Amino acid sequence: MSVSQLHPDGRLQHLLTLDGLSTGIMEELLDSAEALRPHAHGGTVFRNVLAGRTLCTLFFETSTRTRSSFQLAAIRLGADTLVFDVSSSSTSKGESPLDTMRTLEAMGVDAFVVRHARDGAVAELAAGARPDTVFINAGDGRSNHPTQGLLDMLTLRQRKGTDFSKLRVLICGDVLHSRVARSDLHALRALGTGEIRVCGPTNLLPDASLLAGCRVGQDFDAALDGVDAVIMLRLQRERMEQGLVPSLEGYFHEFGLTPERLRRARPDAVVMHPGPMNRGVEIADAVADGPQSVIFDQVGNGLPVRMAVLRTLLASG
Ligand code: CP
């Protein structure tokens, strides 16, 4: 069963992936998020936008940033919110994600924000739902994290302007297992980024097809030369147990972003990280907390981006 994230008339019905999403829709969402930003962290101006609508956060994997900011975004827009706690639910009795979703749908949930460890799981739930129920992918497997991609682009636009054609952006780390990297790559391409560089250990890089058009390498120092932005990825610690990384110290030595290394980038380069960070593994404290870090701006931008997505998908008129 497959499902399209677009209505037949081209409007968004779900947000499942940034892969193939038009530049126009992406820019509209980013413009909408920028306009909502002054109202994202408080106030009541938009409290009627989703009045009477019900949103459920259905997370089968842990989350701090994505779940909390979707919940706050829904509250700022006046929706009723239901936080589904998987750990205390009947999923432990064997209820499937599909039956769980249908059960909540039967209670009047209009929209689900879903995170699941399996690639394609969110699209499968959307395909099994009523035609007018809305789905937003909050991360599936290693495939997609579309709102993270959008908030990363909003953060870049705020620091570097809306014309990406002259930007050099580097993504570094465990690209192979990263849904953030995939969504960022789709978004950077759609927005016409001048040069996209990708760097990481050979065994943590994906198929060449995913990296088409990117400058790919294993030398982090060389990759940093003259970049406008560097997006560091979390090294999932289980990669060491799987033998993909010899040691965390060795990884930091080769691929950790330190103040000395960052000097190779442009002086006004920004440092990004989707969080949660492994300090001392992929990023040094002095960089994470330094003047070029926009990591907590990214977190803050999660709110207006998610408000924009919810308003686009759920507001009538
Ligand atoms: N960036 C991100 O998805 O963070 P969480 O896992 O905390 O939601």
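Data block above holds the structure.
Below: a short report on this structure. (Residues numbered from 1 in each chain as written. Predicted model: local features only at pLDDT ≥ 70, side-chain atom pairs only at ≥ 80, totals over all residues. Heavy atoms only, no water.)

Here's the deal with the site of the ligand
Residues in close proximity to the ligand include S63, T64, R65, T66, R115, H145, Q148, P274 and G275, which together make up its full environment. One of the side-chain nitrogen or oxygen atoms of T66 is found 2.6 Å away from an oxygen atom of the ligand. The separation between an oxygen atom of the ligand and a polar side-chain atom of R115 is 2.8 Å. Protein contacts shield 91% of the accessible area of the ligand, which totals 260 Å² for the unbound molecule. (Near = heavy atom within 4 Å. Polar contact = N/O pair within 3.5 Å; in protein donor to acceptor, adjacent residues only side chain to side chain. Areas by Shrake-Rupley, 256 points an atom, 1.4 Å probe, with all protein chains shown as cover.)

Section: the sheet that holds strand β4 (residues 134-140)
Read from one edge to the other, the open sheet built from four strands follows the order β2-β1-β3-β4, with strand pairing classed as parallel. What marks the edges here is a single partner per strand, and that holds for β2 (80-84) and β4. With strand direction ignored, the average angle separating the axes of adjacent strands in the sheet is 15 degrees. The pairing of strand β1 (residues 54-59) with strand β3 (residues 111-116) spans five bridges and is classified as parallel. (Pairing = 2+ DSSP bridges. Helix = DSSP H or I, 4+ residues; strand = E, 2+ residues; numbered from the N terminus. Axes fitted to C-alpha atoms, helices over the stretch in contact; angles between N-to-C directions.)

Overview of the packing of helix α5 (residues 146-160) against helix α12 (residues 295-314)
For the pair α5 and α12, the least separation of the axes is 8 Å and the interaxial angle reads 115 degrees. Note that α5 runs across α12; the crossing there is right-handed. Here T147, Q148, L150, L151, D152, L154, T155, Q158 and R159 of α5 come into contact with α12, specifically with D297, Q298, N301, G302, P304, V305, R306 and V309. Of the residues contributing to the contact of α5 with α12, the split by class is six nonpolar, seven polar and four charged. (Left-handed = near helix turned anticlockwise from the far one by under 90°. Contact = heavy atoms within 4.5 Å. Nonpolar A, V, L, I, M, F, W, Y, C, P; charged D, E, K, R; others polar.)

Scope: geometric values only; no functional claims are made or implied.
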